[in-house]
Each structure stands twice: as C-alpha cells, then as structure tokens.
Amino acid sequence: MAEVWVPALLRPLCGGTARLQVEGATLGDVLRAVEARCPGFMERVVSEGALRPEIAVAIDGEAGSFPLFEPVGPASHVSILPAIGGG
Amino acid sequence: MTAAEKPSYRVIGTRPIRPDGVEKVTGKALFGADARPAGLVYGKVLRSPHAHARILSIDTRAAEAFPGVLAVATARDLPAASDEVQALGETAVNLKELSDNVLASDRVLYRGHAVAAVAAASVHVAEEAARRIRVEYEPLPVVLDVREAMLDDAPLLNERLLTRSMGKTISDRPSNVASKVQFVGGDVEKAFAEADAVVERHFTTKMVHQGYIEPQTATVQWNPDGEITVWATTQGAFACRGQLAEVLRRPASTIRVIPMEVGGGFGGKTPVYLEPVAAILSRKSGRPVMLTMSRSEVFEATGPTSGTSIHVKLAASGGRLTAAQLDLAYEAGAYPGSSVSAGAMTMLAPYDVENFKIDGYDVVVNKPKTAAYRAPGSPAAAFALEQAVDELARAIGADPLAFREASSSREGTRMVNGMPFPRIGHEECLRAAMESAHYRSPIEGPNRGRGVASGYWFNAGMQSSVTVAVNTDGTVNLVEGSSDLSGTRASLAMQLAESLGIEYSQVRVTVADTDSVGHNDVSGGSRTTFATGLAVHQAALDIQQQMRTRAAKLWGCAEDEVVYEAGSLRCTTDEAKTLTFAGMAAQSARTGGPINGRASLLARGAGGAFGTHIADVEVDPETGKVQVLRYTAVQDVGTAIHPAYVEGQIQGGAAQGIGWALNEEYYYDDDGRLANASFLDYRMPTALDLPAIDTVIVEVPNPGHPYGVRGAGEVPIVPPLAAIANAIADATGHRFSDLPISPRRIVETLHHLE
Amino acid sequence: MRRTQVQARLNGADVDFLCEPRQSLLEILRDELGLTGTKEGCSNGNCGACSVMLNGRLVNACCVLAVETDGADILTIEGVADGDQLHPLQQAFLEEAALQCGICTPGFIIAAKALLEREPDATEERIRYWLAGNLCRCTGYDKIVKAVQRAGVQMKGSAS
C-alpha cells in the first residue's frame with residue numbers, strides 16, 4: 001500500500017484525514033484510489049490527463065510534475081503539494 | 001564526513017583554472033551587449049510613468065517621422081497570447097501575462113512597464129524619438145503594500161483575478177490574492193497550550209533586486225524568411241527560445257538563441273523582457289536590433305524578489321521546537337507568481353516540528369513582476385523564523401545552536417508537505433558551526449553581538465543534454481547547454497575528466513546555442529553542477545561502453561571481460577591486453593568510426609541542502625552603522641567539485657544576504673515611483689563594507705549523484721538575513737523585525753527606546 | 001549631429017575617431033572602436049565596470065565625454081596583457097578564482113593595477129577602500145582582495 005499525504009486544503013474531501021493508505025502501481029492508479037475514497041479529489045489535482053500546472057507530486061522524496069504513468073512502489077510515499085513558484 | 005570515508009578522487013576536489021578564465025581577465029569574453037552582428041542598430045523602450053493606469057491611446061506618428069528612425073513597436077505588433085500557464089524551468093509562466101509584461105496592451109501595472117519601443121541607427125536618436133510617442137493614460141488607484149492589497153476594498157490590478165488554491169477557485173469575487181497555500185500537521189492549539197515558552201512576532205521584508213552588474217540586453221535579427229537569431233544574456237537559452245516562440249507565435253525551430261556570457265543572473269535572467277521587442281523591431285526594420293536597459297530600467301522593469309509580511313508564532317517544550325503557526329504574504333508584483341509556496345515549504349525545513357499550521361498568500365501589487373532570486377522565497381521566511389527561534393532559545397536559556405540541534409531535521413523527518421527527507425546535513429552543519437574557531441571565540445566589547453541562523457533550499461534536477469566528442473589525439477570536446485554563470489564549465493569538465501579517467505586539461509567545454517545541443521533547462525535551482533554533471537557522467541559511461549565494445553572486438557574477448565578503469569581498458573582474462581583512453585581514441589577510425597558520448601536526462605535525486613551562518617557585528621548607536629566584524633558560513637554541499645568556486649558561491653551568497661539585511665530595499669513613494677533606482681541609492685555591499693567571509697564546507701554526499709553533488713549556489717543567501725538580525729539583537733538588546741536594518745532604522749529605534 | 005575628430009593614444013597605439021559631443025568614452029570604446037572589454041554596468045559612475053586609465057588616472061569611462069580625450073593616453077583591459085604574457089593581476093585573478101560571472105573583472109583589474117603600481121604593499125584594508133568604487137555581485141570580494149594581494153607581492157618581486 002502506498003501512503004498518500006493529503007494536503008491540508010484537500011483534507012475536507014477526505015473527512016479530514018492527512019494520510020491514506022491506497023493500492024496502486026502508478027501515480028494515476030494511486031490518485032484514482034484516493035478519488036474513490038475522497039470524491040472530488042481527482043479534479044483538484046489532475047486536468048486533461050496530467051497534473052495541473054499549479055500542482056506537483058513528490059514520490060519517495062522526489063518532487064516534480066510526474067506523468068500519471070509514473071510507477072509507484074508498494075511502500076512508496078506520495079505527497080501532493082503546490083508547484084514551486086519562483087516568481 | 002571524515003577524510004577516511006571520503007572517496008579518493010583524482011580531479012574532483014582540485015582547483016584548476018577555469019576554461020573561460022583567460023577570456024574573462026583579458027576582456028575578450030563576449031557578454032550580451034558585446035554582440036556585433038553586421039548592420040547592427042539600436043533601440044530604446046518607452047516606459048510608463050504611472051504605477052497603474054489604463055492606456056487610452058498610443059500615437060507613434062511623430063516618432064515614426066523622426067529622422068533616423070527605422071521602426072516603432074507597440075503591443076499591437078505582438079500576436080495575442082493565450083491565457084495558459086507553461087512550465088519554464090523552476091517556474092510556471094502565464095504567457096498572456098508574459099506578453100503583456102513585455103509590451104503593455106491596455107493597462108500598465110507598474111511604473112516602468114514597457115509601452116512602446118523605437119529602433120534607430122543610434123541609441124540617442126531612438127531615445128529622442130521614443131520621447132515623441134504620445135501615450136494617453138487614465139491613472140488608476142495604486143496599491144503597493146502586500147497586506148493592503150489583500151483588503152476587500154483594495155484597488156484591483158485585474159478584475160478577472162480570482163483566488164485559486166490546489167486546483168480550485170476559492171474566492172467568489174475578484175481579489176489581488178492570486179493563490180493560497182496551506183500546510184497543516186499535528187495539533188497546534190494543544191502544543192501551544194502545553195508549551196514551556198511561546199514567541200510571537202511579525203516580520204516584514206522589502207522587495208530587493210538580484211543586482212547583477214550586467215543590465216538586461218538583447219540583440220535579435222529577424223530575416224525575411226522568418227529565421228530568427230537571438231544574442232541573449234540568459235540563464236537558459238532554451239527557456240529564452242521557448243518564451244520567445246510563444247510570445248511571437250513562431251515555431252521553436254526557427255529561433256536560434258546564442259547564449260552570450262552572462263554578467264550575473266541569480267534567478268533574474270530567466271524571464272524575457274527585451275527579446276520579443278527587439279524581434280519586432282528587427283522584423284519591421286530589416287536590421288539586427290540591440291536593446292539594452294539602463295540601470296534604472298533594470299531596477300524598475302525587471303523582476304526583483306517579493307517584499308513579504310510574515311507572522312510567526314513558535315512554541316518550545318522539553319528543550320526543543322514543538323509548534324509553529326506561520327502566515328506568509330508575498331508580493332508577486334504586477335502578475336501572479338511569487339515564491340510564497342517555496343517560502344512556506346522551506347521555512348520549517350531545518351527543524352522536526354510535529355505541530356504546524358502554515359498559510360501562504362500570493363498577492364499582486366503595482367510593482368514589477370517578481371522573478372526568482374537565489375533560493376526564491378526562502379531567505380525572507382528564514383529571516384522571520386530564525387529570529388523567532390533565536391528568541392525562543394533565549395527564552396528557555398538554551399544556546400542558540402544547541403537548541404537548533406535539539407530540534408533539527410534529519411533523514412526521515414517529514415517536511416511540511418509530507419515528504420520525508422533523504423540523507424541531509426543540517427545536524428552536521430550545526431556541529432561544524434559549534435566547533436568552529438569563530439563560535440568558540442568570545443565576542444566582547446560594547447555594542448557588539450553575535451548571531452547565528454540556518455537555512456534550507458531544495459536544489460533542483462530538471463533537464464540536461466550533453467554530447468562529448470572523443471578526438472583521435474585523446475582530447476575531448478564537451479558540448480553542453482547550461483549557461484555558465486559562475487564557473488560551471490570547470491565543474492563539468494572536472495566531472496568528465498574524473499569519469500573518463502583523463503586529465504582536466506584534455507577537456508574543452510563549449511556552451512552551445514539552441515541549434516547545436518539538445519534541450520537544457522535554465523541554470524537555476526543550483527542544478528547545473530548536479531544535473532548537467534549527471535548528464536556529463538552518463539555521457540562518459542556511454543563512451544566507456546563504446547570503447548569496451550571495440551576493445552572486446554579488437555582483443556577477441558567477451559565484452560564483459562573488458563574493464564574500463566582509471567582511463568584505461570584492460571582484458572580481465574589476458575593481462576597483456578590493455579589500451580589507454582588515448583590509445584583507443586587513436587584507433588577510432590579503424591574500429592568503427594567516431595566515438596561520441598551523449599546523454600539526455602530528466603535529473604532525479606537532487607539533494608536539498610542546509611547552511612548555518614555565524615555573524616559578529618558592532619552597532620554604532622549614534623550613526624546606526626553596522627559593521628560586520630566577522631562572518632562564517634557553514635554549508636553542506638554534498639561534494640565540492642571545485643572547492644574554490646564553491647567557496648566563492650558561499651561567500652557571494654552571504655554577501656548578497658548581508659546587503660539584504662542591512663541596506664537593500666525598493667523604496668517607493670506613495671504614487672508607486674521607485675525612489676532609489678540607481679546603484680548610488682540602492683546600496684549594495686562594496687569591498688569596504690564586508691569582512692573576509694570565512695567558509696566551512698561540510699560534505700554529506702548526496703546519494704542521488706555519483707560524486708555526491710548537492711548544489712551550492714542558493715543555500716548561502718538563506719541564513720544571513722536572520723544571522724545579522726540576531727547579531728544586532730544581541731548587540732543592542734532590540735529585535736529588529738523589519739528589513740532592511742538600515743542606519744536610519746537603527747537610530748530611530750534606539751533613540752526612541754532611550 | 002555634427003561630429004568632432006579626436007586623436008588619442010589607446011593601449012599604446014595612435015587612434016583617431018569621430019564622435020558626437022554627447023557620446024561618452026565608454027560608448028566610443030565599445031561601439032566605435034570595437035573594444036568591448038570595458039563593460040557598461042550603470043552608466044552613471046556607480047559600479048566601476050567601465051574603469052579605464054586616462055592619462056594615468058583611474059576613471060569611469062561612462063563619465064568621460066569622448067571629446068575630452070583629444071590628445072589623451074588611454075589604457076583599457078585590452079592593453080593590460082603584454083602580448084601572450086598575462087599581467088600578474090590577470091594571472092592572480094585566475095589562480096585565486098577571483099571571478100564568477102566575470103562582468104566586473106576588467107574594471108577590477110584596471111582599478112587594482114592603478115593601486116598596485118603606486119602601492120604594491122597595499123594592506124587588505126587599503127585594497128578594500130580603493131576597490132570600493134567597483135561593484136561585484138558574485139564573489140563577496142574576498143577572493144578579489146586575495147588576488148590583488150598576491151599580484152602585489154609578485155609585482156614587487158619583479159620590480160626589484
């Protein structure tokens with residue numbers, strides 16, 4: 001099970017939970033598994049089949065704008081975070 | 001890391017002369033303004049005298065009729081840009097806003113906003129003609145302060161701007177607040193209720209500029225067949241090309257960006273300002289056109305970093321930091337996109353704090369659109385946090401470094417965004433600081449004080465491409481595309497020499513134009529030595545593999561019996577069979593043709609890094625002058641490839657931070673006029689203002705890089721603001737929570753107290 | 001605009017050029033004579049990137065009108081090395097890693113040369129005072145000061 005860190009602003013969708021354990025072999029699978037438990041989550045994070053430009057994801061400490069096919073390990077940690085603006 | 005643990009390198013860790021050194025000490029190196037294509041003419045930009053106004057009309061007829069004028073450009077000459085956000089290096093850019101920032105279409109949002117431009121045979125003629133352009137403005141109310149801009153009744157910069165947060169619009173009416181970020185963990189209320197000590201304080205910082213010595217300049221030649229050549233001073237030739245292609249609606253392949261030497265960037269030479277305007281003037285005049293900003297244009301119309309307003313409440317319990325409530329508001333300038341999210345994510349990074357609530361706001365104001373400036377977002381956040389940490393340590397009677405060590409992040413600590421840290425080196429920096437001769441020495445005398453502070457920056461990976469051609473005499477040519485801002489040709493050539501087992505002197509490096517090398521993201525995020533270094537290493541492995549294949553064929557043995565080691569090939573089953581790198585290179589024509597190594601990658605494994613600084617100051621209570629008596633900067637760089645340039649990065653970052661702490665600020669009048677748009681009045685540190693800055697290089701290797709590189713450029717600007725402020729608090733007994741801590745502020749504050 | 005003819009010595013050779021009264025020496029050096037080693041950082045005398053020697057005096061070329069240089073002796077960064085022999089200051093800047101981006105380097109070398117030719121024993125404080133007219137934003141000045149000290153030792157050695 002991958003551990004997903006839900007950002008504070010999306011926790012209301014997940015009953016206030018900060019961490020979820022979900023199954024999924026790819027980032028897309030993981031996000032869809034979160035969506036199944038937290039309806040409305042997906043559209044906040046994904047648009048037109050890719051992460052929204054204002055959103056980034058960190059998988060096991062590596063942050064970036066990953067494709068949804070990015071592999072996620074069975075014990076991986078996935079964080080949803082705002083993309084880093086540099087001005 | 002002790003010497004025993006450190007791998008032994010042949011080239012890495014030495015201090016060779018940089019490849020571009022001789023050109024730069026003899027005046028031969030060609031920087032942006034040194035481009036001289038045949039037929040070159042010059043242009044001048046007309047800028048808004050208002051900080052906020054509607055453009056009612058622009059009449060260019062008198063300028064067009066002025067003798068010697070070759071072309072005039074306004075926003076009408078630019079294709080309408082779409083309202084979409086594109087990733088450009090470390091930052092996301094809205095192209096409609098980028099286009100409007102290049103030449104205002106219907107509204108000016110800050111004083112200095114470009115409105116029109118003229119090309120002529122001489123810059124003086126262009127300037128005279130530009131003055132004859134008639135622009136009719138309808139001035140609008142101005143908002144300059146970040147907290148005022150957040151008020152419900154504040155003048156709006158953009159009536160269509162709604163507040164966004166994590167993929168959703170969260171405001172029901174227009175606002176200057178473009179976005180909100182939030183990070184929450186643990187139970188803040190409970191932690192504050194149970195704390196041994198609580199500190200609460202409000203901090204502000206002003207907009208400051210990167211202060212690179214070379215002004216923005218761009219030279220563009222637009223041929224009748226649509227081929228465009230750009231001589232640019234940019235941190236990223238490909239980012240420059242990408243922005244230009246979008247603003248001009250031209251295919252990327254038709255634009256060749258030639259990266260000239262860059263006279264300082266620090267994040268500020270990532271956006272385009274002049275290139276699209278010079279392109280339009282060139283298309284209309286049929287001549288190559290150079291546009292160069294004056295120093296006041298650089299201050300007024302390029303991207304400084306945000307002014308900020310930061311509220312901090314911290315709690316300590318059991319001798320360590322236990323809770324933080326933080327509220328950060330950052331000025332984005334005229335268009336959304338400040339570094340507040342990075343500020344919010346880096347602010348608590350040095351510490352393992354269980355309970356936190358952080359709110360961050362990105363706010364537009366009538367000042368120039370901010371750009372990245374060295375660890376964007378982090379220095380102002382550290383200025384606020386590290387002063388409060390210092391106050392908290394004093395409140396519980398702890399040594400400030402020991403308190404930081406007790407609270408420090410380490411491998412496995414979660415950042416506020418939930419990310420667990422990989423191997424990091426904050427504790428090592430704190431210990432090195434505690435053990436330094438500086439910290440162990442006493443600080444004595446009236447009006448003297450000592451301050452410490454830590455800071456963090458992510459460091460970045462992103463995309464790099466390189467090729468390495470092996471010459472038959474055993475030398476190699478490395479072709480890369482990372483703008484060399486500070487000596488990265490050397491750090492890359494050194495890694496290539498190390499990986500191939502050849503001499504540094506056998507490597508020649510070229511930073512190529514966009515037609516001659518694959519895509520490279522900007523030189524930013526302290527990424528070049530790390531990420532392009534990774535590409536260089538992979539290209540070396542590619543060459544090694546090609547040589548092993550050929551050696552196996554030559555020797556009639558299996559490929560896996562051929563070893564490449566220390567610049568030589570040998571057969572593990574037949575000791576007589578060996579070839580040097582040069583020996584194999586000499587045979588390339590007979591063994592299959594040229595040997596070229598290549599690598600293109602999206603670098604993963606960037607290593608975030610920490611620094612801890614110690615400052616001793618003396619404050620003159622009569623004049624308010626702060627003399628920095630002694631300064632030591634400790635930093636984990638992973639591995640220092642070229643220690644002299646790593647020291648230089650650390651010293652330079654510390655110097656910029658000291659300037660930010662003591663003197664630098666954008667000083668606006670109520671109408672939004674920048675009152676100090678010159679190097680005389682925008683006071684950057686001179687050689688006389690600074691002591692020798694001592695450096696302590698800590699090396700906790702980054703597991704994500706073959707030689708352990710983390711990146712060195714940005715971390716050192718993060719701690720100085722707070723280190724200086726803490727030292728001044730120690731010297732005067734007064735805590736200054738607003739930057740800059742200028743002589744005037746000190747005199748006014750101390751005399752009021754007295 | 002009517003142009004004036006100016007004759008001067010530049011890096012040891014005679015030159016003549018035409019200039020408008022409003023043109024600075026910096027502009028003429030860079031745009032008319034092709035000597036782009038002298039850099040423009042601010043064009044109002046505050047950064048020192050355009051430091052040149054004019055009749056043995058250190059000046060900012062942006063603050064000198066070109067018409068004023070008739071009959072003058074001018075030295076720019078292009079005239080500092082002796083053929084393929086770098087000046088001790090140039091060599092010291094390389095060895096001490098006293099440059100990062102390099103835009104301020106020509107100005108620093110000219111300014112430091114003006115000091116060391118008079119005071120090869122200049123102390124660190126004297127060097128910092130003298131160079132306060134030249135801004136560097138990359139290095140924090142430490143390595144520049146060390147390079148100047150190193151060159152001073154060498155220049156003194158070769159003079160004696």
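**Considering unusual backbone geometry**
That bond from Leu739 of chain B to Pro740 of chain B is cis: its omega, -5°, falls within 30 degrees of zero. Here Pro740 of chain B is to be found in the loop between helix H19 (720-732) and helix H20 (743-753). One non-glycine residue, Asp60 of chain A, adopts positive backbone phi at about 50°. The topology assignment puts Asp60 of chain A in the loop between strand S5 (55-59) and strand S6 (62-64). A positive phi angle, close to 60°, is found at Phe266 of chain B, a residue other than glycine. With respect to the secondary-structure elements, Phe266 of chain B resides in the loop between strand S15 (255-259) and helix H8 (275-285).

**Focus on the interface of chain C and chain B**
Each partner contributes residues to the interface: chain C has 46 residues there, and chain B has 57 residues. Considering only the side of chain C, the residues that lose the most area to chain B are Leu94, Gln100 and Arg137 of chain C, jointly responsible for 20% of the buried surface there. Applying the counting criterion to the chain C and chain B interface returns six salt bridges. Here Asp34 of chain B makes a salt bridge to Arg30 of chain C, at a shortest N to O gap of 2.7 Å. Linking chain C with chain B are 21 residue pairs in polar contact (both at pLDDT 80 or more), by the criterion used here. Where the side of chain C that touches chain B is concerned, the elements lending two or more residues are helix H1 (25-32), helix H2 (88-95), helix H3 (105-118), helix H4 (124-130) and helix H5 (142-159) of chain C. Looking at the side of chain C that touches chain B residue by residue, the classes come out as 19 nonpolar, 13 polar and 14 charged.

**Thoughts on the domain arrangement of chain B**
Residue and element names in this part refer to chain B. Taken domain by domain, chain B holds domain 1 (21-27 + 461-603) and domain 2 (418-459 + 607-753). Between the C-alpha centres of domain 1 and domain 2 the distance comes to 38 Å. Across the boundary between the two partners, domain 1 contributes 14 residues, which contact 17 residues of domain 2. Carbon and sulfur atoms make up 63% of the surface buried where domain 1 meets domain 2, a total of about 1200 Å² over both sides.

Thresholds, definitions, all that
Within any chain, residue numbers begin from 1 and follow the written order of that chain's sequence. In the order they appear in the text, chains get letters beginning with A and ligands get numbers beginning with 1. Totals for whole chains, interfaces and linings use every residue, but because this is a predicted model, local features are given only for residues with pLDDT of at least 70 and side-chain atom pairs only at 80 or more, for both listing and counting. Here the side-chain values reflect all heavy atoms present in the structure, with hydrogen atoms and water set aside. Put simply, DSSP marks the helices as runs of H or I at least four residues long and the strands as runs of E at least two long, and each gets a number from the N terminus on. Contact between two residues is taken to exist if any of their heavy atoms lie within 4.5 Å; hydrogens are not considered. As used here, buried area is the combined drop in accessible area, with a 1.4 Å probe, of two parts when they are placed together. Salt bridges are defined as contacts in which a side-chain nitrogen from Lys or Arg sits within 4 Å of a carboxyl oxygen from Asp or Glu. Pairs of N or O atoms are called polar contacts if they sit within 3.5 Å, as long as, within protein, a hydrogen donor faces a hydrogen acceptor (for residues adjacent in sequence, only side-chain-to-side-chain pairs). Only Asp, Glu, Lys and Arg are considered charged in this grouping, and only Ala, Val, Leu, Ile, Met, Phe, Trp, Tyr, Cys and Pro are considered nonpolar; every other residue, Gly among them, is considered polar. Segmentation of the chain into domains, including their bounds, is taken from an automatic or database domain assignment.

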